[in-house]
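Given next are the chains, with one letter for each unit.
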Amino acid sequence: MDYPGFNGFLGNRASFMLDVVFLAMFVIVPVMGWSIYQVKYRQQYLLHKRVQISIGSVLLFAVTLFEIDMRVNGWRERATASPYYHALWSAGWVNWSLWIHLTFAVSTSVLWVFVIVQALRKFPRPPRPNEYGPRHKIWAKIAAIDLCLTALTGWIFYYLAFVAS
Ligand code: HEM
C-alpha cells in the first residue's frame, strides 16, 4: 500500500520511524537493566552515569524524529486495515492502547529529565553515593519502571495498529 512517509522494514504497515522506535526499545530496556545492575552490585557509578545519560540522549533524539514523522505523515492511514481500528478517537483498541501508552510515555519523559537533572546537580563528580542517594533511588526506580511500561504498551499499540489484520 502507498502510505504517506517512508515505509518501515519489518514487513508490516508501520513507518520507518515506528520500526526504529519499536526495535530500539528492545535494546534500551536491557541496557538500562544492565546499568542498574552495574551500580547496584558493582558500584560502577561513573559507568552508570554515562550509560543513563546516553540512553536519555538516544531517547530524546529518536522521540524527536518520531514526533516529526507522526505530525507530518500521521499514523492513522497505516492503521485503518487493523480490525481493532476505529476512526473515532475514543473508540476501538487501537485508540485505547494509544491513550494508555501516551500516559506512560509522557510521564516517562518528564521523570527522566527530572531524575537526570537532579542526579547531575546533587551527586559529586565523579558520582558516588551521598545524602541524595536514597531520594535518587526512589525516583530513579519509578522512572525505570515507567520506561518499561512505556515500551510494553508501545509494543502492544504497534501490534494492534500496524500488524494485526
Ligand atoms: C533516568 C536516569 C537514571 C536511572 C533510571 C537511574 C537508576 C538508578 C537506580 C534504580 C539506582 C539504585 C540501584 C540500587 O538499588 O542500589 C541508582 C543508583 C545510583 N545512581 Fe542512578 N539512575 C539514573 C541516572 C543517574 C545519573 C545521571 C547519575 C549521576 C549523575 C546517577 C548516579 C547514581 C548513583 C551515584 C547511585 C547510587 C546511589 C546510592 O547507592 O545511594 N544515576 N540509579
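Structural notes, computed from the coordinates. Everything numeric here is computed off the predicted structure, so don't read it as measured data.

This brings us to the coordination of the iron atom of the ligand. In the first shell of the iron atom of the ligand, the protein supplies His48 (NE2) and His136 (NE2), at 2.1 Å from the metal. With six donor atoms in place around the iron atom of the ligand and angles of 85 to 179° between them, the coordination shape is octahedral. Taken together, the positions of histidine 48 in helix α2 (residues 45–73) and histidine 136 in helix α5 (residues 133–163) put the pair 88 residues apart, joining distant regions of the chain.

To continue, consider the packing of aromatic side chains. Scanning the entire structure with this criterion turns up 13 aromatic pairs. Geometrically, the ring pair formed by phenylalanine 157 and phenylalanine 162 is edge-to-face, given 5.7 Å between the ring centres and 85° between the ring planes. Under the relative-accessibility criterion, phenylalanine 162 is labelled buried at 0%. Taken together through their ring pairs, the aromatic side chains of Phe22, Phe26, Trp75, Tyr85, Trp155, Phe157, Tyr158 and Phe162 make up a single cluster.

Taken together, 20 residues lie around the ligand, and His48, Gln52, His136, Lys137 and Ala140 are the ones closest in. Here histidine 48 contributes a side-chain N or O atom positioned 2.8 Å from a nitrogen atom of the ligand. At 2.8 Å, a side-chain N or O of histidine 136 approaches a nitrogen atom of the ligand. Among the residues forming the shell around the ligand, the class breakdown is eleven nonpolar, four polar and five charged.

The next point concerns the side chain of glutamine 118. Mapped onto the secondary structure, glutamine 118 falls in helix α4 (residues 93–122). Residue glutamine 118 is classed as buried on the basis of its relative accessible area of 13%. Polar contacts involving the side chain of glutamine 118 include one to the side chain of arginine 121, which spans 3.1 Å.

Turning our attention to the environment of arginine 50. Along the polypeptide, arginine 50 turns up in helix α2. Placed 87 residues apart in sequence, arginine 50 and lysine 137 show a C-alpha to C-alpha distance of 17 Å.

Moving on, we come to unusual backbone geometry. In this chain, arginine 125 is followed by proline 126 through a cis amide linkage whose omega measures -5°. On the secondary structure map, proline 126 appears in the loop between α4 and α5. Unlike most non-glycine residues, glutamine 43 shows phi in positive territory, near 55°. With respect to the helices and strands, the residue glutamine 43 is situated in the loop between α1 (16–42) and α2. Here glutamine 43 falls in the partly exposed class, since its relative accessible area comes to 45%.

A word on the packing of α1 against α5. Relative to each other, α1 and α5 sit at 155°, their axes nearing to 10 Å. Taken as axis vectors, α1 and α5 run roughly antiparallel relative to one another. The handedness of the crossing between α1 and α5 comes out as left-handed. Two secondary-structure elements touch here, α1 through Leu18, Asp19, Phe22, Met25, Phe26, Ile28, Val29, Met32 and Ile36 and α5 through Ala144, Leu147, Cys148, Ala151, Trp155, Tyr158 and Phe162. Classifying every residue of the contact of α1 with α5 by side-chain character gives 15 nonpolar, no polar and one charged.

Rules of the game
Residues numbered from 1 in each chain as written. Predicted model: local features only at pLDDT ≥ 70, side-chain atom pairs only at ≥ 80, totals over all residues. Heavy atoms only, no water. Donors = N, O, S within 2.8 Å, 3.2 Å for Na, K, Ca; no water. Tetrahedral: all angles 85-135°; square planar, octahedral: opposite > 155°, others 65-115°. Helix = DSSP H or I, 4+ residues; strand = E, 2+ residues; numbered from the N terminus. Phe/Tyr/Trp six-rings, centres within 6.5 Å; stacked < 30°, edge-to-face > 60°. Buried < 20%, exposed > 50% of the residue type's maximum accessible area, 1.4 Å probe, protein only. Near = heavy atom within 4 Å. Polar contact = N/O pair within 3.5 Å; in protein donor to acceptor, adjacent residues only side chain to side chain. Nonpolar A, V, L, I, M, F, W, Y, C, P; charged D, E, K, R; others polar. Axes fitted to C-alpha atoms, helices over the stretch in contact; angles between N-to-C directions. Parallel < 35°, antiparallel > 145°, perpendicular 65-115°, else oblique. Left-handed = near helix turned anticlockwise from the far one by under 90°. Contact = heavy atoms within 4.5 Å.

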